Each structure stands twice: as structure tokens, then as C-alpha cells.
Amino acid sequence: MSATRDPQAPKPDWLLRPMHWQDIPAAVDIDASAFPYDPWSAETLWSELARVPKDALYVAAEYREILGGYAGMAYIDSDAHLQTLAVETAARRTGLGRTLLATVLEDAKRRGASRCLLEVKADNGPAIELYQSVGFTGLGTRPGYYPGGESALVLELDLAEAS
């Protein structure tokens with residue numbers, strides 16, 4: 001189910017909570033909208049949620065029982081890896097992505113991760129702007145990372161220095 005909002009309407013009070021199996025159909029829709037070049041399948045989301053809580057955290061944002069976005073972080077040794085962050089089209093540029101990112105980064109710090117890594121499509125300006133605004137810096141590129149041959153930027157955040 002997708003949310004439809006007037007962009008001029010007040011920002012809703014999002015309920016942040018652990019992502020549940022029941023969120024998968026709406027998450028698949030959001031992912032297809034956010035990442036049409038490489039959306040996650042329901043099977044991928046099921047597999048990712050199976051890693052929670054030991055090796056991952058997935059957070060959902062809902063408003064009046066409508067999923068507005070979600071974020072997922074995986075943990076490998078002392079590194080946190082932002083697996084995904086997706087926001088419903090109508091909720092973009094409202095601060096929801098920043099809120100979801102802050103939530104998973106706080107969890108990474110709480111778990112003792114020393115840094116956070118992520119890949120982002122090189123032409124995804126809004127996402128890159130968000131990540132840089134919280135302190136992520138470039139670590140390198142992964143040529144041909146995405147279907148169609150597009151490159152990914154690899155970004156890193158030192159969690160000890162992050163505020």
C-alpha cells in the first residue's frame with residue numbers, strides 16, 4: 001500500500017519500529033519505486049529479516065499503518081553496512097530518510113561498530129547529499145556494480161567521529 005500526500009502538507013509523526021514480515025509487500029512496492037534499476041524482491045527482504053537481531057537491524061517508519069520507508073543495516077566484524085534505505089515517493093524530502101539513517105547509525109554505534117560503509121549509485125544526487133551531510137566520505141568506486149553497468153560510489157563514515 002502506498003501513501004499519497006500533498007508535499008505541502010505538514011510532516012506526519014512517523015512511528016519508527018522494527019520491520020516485520022508483514023511489511024514486506026509494501027516494502028517491495030517502495031523499493032521498486034526507489035530503485036527501479038535493481039529493486040529487492042520479497043525473497044531478498046525475507047532473507048534480510050531472517051538475520052535480525054543478531055547480524056542486522058531493519059527499521060520501518062509508518063504513519064496510520066502505512067509504510068513510508070525503511071532502512072537496513074548489517075553487521076560484519078567491526079563494520080556496519082547500510083544495506084538499504086528507501087522512502088515512499090510522497091514522503092521524500094521530508095526528513096524521513098535522515099531519520100531512518102540516524103536510527104540505524106545509532107544502533108551501529110550501540111553495537112560497537114567502528115565505521116559504516118555503503119554503496120550508492122553514482123548519479124543518485126539526493127542520497128549522496130544526505131550521506132555527505134552526516135559525514136560520509138568517499139572511499140572508492142565499484143565499476144559496473146549496478147545492472148546496466150552503472151558504477152557505485154563506496155562511502156564510509158567513521159562512527160567514532162560521527163555526532
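In what follows, the structure referred to is the one given above.
This report concerns the structure included in the present document. (Residues numbered from 1 in each chain as written. Predicted model: local features only at pLDDT ≥ 70, side-chain atom pairs only at ≥ 80, totals over all residues. Heavy atoms only, no water.)

## Quick notes on the overall build of the protein chain
Then step 1. In terms of regular secondary structure, the protein chain is built from four helices and seven strands.
Then step 2. Ordered by position from N to C terminus, the α and β elements of the protein chain give β-α-α-β-β-β-α-β-α-β-β.
Then step 3. Taking all 163 residues of the protein chain together, the buried fraction comes to 41%.
Then step 4. Considering the protein chain, the positive charge centre built from 15 side chains and the negative charge centre built from 23 side chains are found 4 Å apart. (Helix = DSSP H or I, 4+ residues; strand = E, 2+ residues; numbered from the N terminus. Buried < 20%, exposed > 50% of the residue type's maximum accessible area, 1.4 Å probe, protein only. Lys, Arg positive; Asp, Glu negative; His and termini not counted. Charge placed at Lys NZ, Arg CZ, Asp CG, Glu CD.)

## Section: the pairing of strand β2 (residues 56-63)
Then step 1. Of all eight residues making up β2, seven are buried, and the element is well covered by its neighbours.
Then step 2. One ladder, built from four bridges, connects strand β1 (residues 15-18) with β2; its direction is antiparallel. Looking at the pairing, Leu15 lines up with Glu62 of β2.
Then step 3. The pairing of β2 with strand β3 (residues 66-76) spans eight bridges and is classified as antiparallel. Note on β3: the bridge partner recorded for Val59 is Ala71. (Pairing = 2+ DSSP bridges.)

## Details of the sheet that holds β3
Then step 1. The strand order across the open sheet built from seven strands is β1-β2-β3-β4-β5-β7-β6, with neighbouring strands paired in mixed fashion. The open sheet is flanked by β1 and β6 (137-142), the only strands paired with a single partner. The sheet shows a mean angle of 25° between the axes of neighbouring strands, direction not considered.
Then step 2. Two strands pair when backbone bridges link them, and strand β5 (residues 115-121) and strand β7 (residues 152-158) are joined in this way by seven bridges, in the antiparallel orientation. Within β7, the residue paired with Arg115 across the bridge is Asp158.
Then step 3. Relative to β3, helix α3 (residues 96-110) is tilted by about 30°, and along the sheet it contacts β1, β2, β3, β4 (79-87), β5 and β7. (Axes fitted to C-alpha atoms, helices over the stretch in contact; angles between N-to-C directions. Contact = heavy atoms within 4.5 Å.)

## Regarding the packing of α3 against helix α4 (residues 125-133)
Then step 1. It is at 11 Å that the axes of α3 and α4 come closest, and there the two elements cross at 45°. What the angle tells us is that α3 and α4 run oblique. Our pair here, α3 against α4, has a crossing hand that is right-handed. Along the contact surface, α3 presents Gly97, Arg98 and Leu101, while α4 presents Leu130, Tyr131 and Ser133. (Parallel < 35°, antiparallel > 145°, perpendicular 65-115°, else oblique. Left-handed = near helix turned anticlockwise from the far one by under 90°.)

## Notes on the environment of Lys54
Then step 1. Take Lys54: it is sitting in the loop between α2 (42-49) and β2.
Then step 2. Given a relative accessible area of 67%, Lys54 falls into the exposed group.
Then step 3. Measuring from C-alpha to C-alpha, the distance between Lys54 and Ala162 comes to 23 Å, with 108 residues separating the pair along the chain.

## Notes on the environment of Gly138
Then step 1. Counting through the fold element by element, Gly138 comes out in strand β6.
Then step 2. On the accessibility criterion, Gly138 (63% relative accessible area) is exposed.
Then step 3. Taking the C-alpha atoms as reference points, Gly138 and Lys121, 17 residues apart in sequence, are found 13 Å from one another.
Then step 4. Beyond its immediate sequence surroundings of up to four residues, Gly138 is in contact with Val154 and Leu155.

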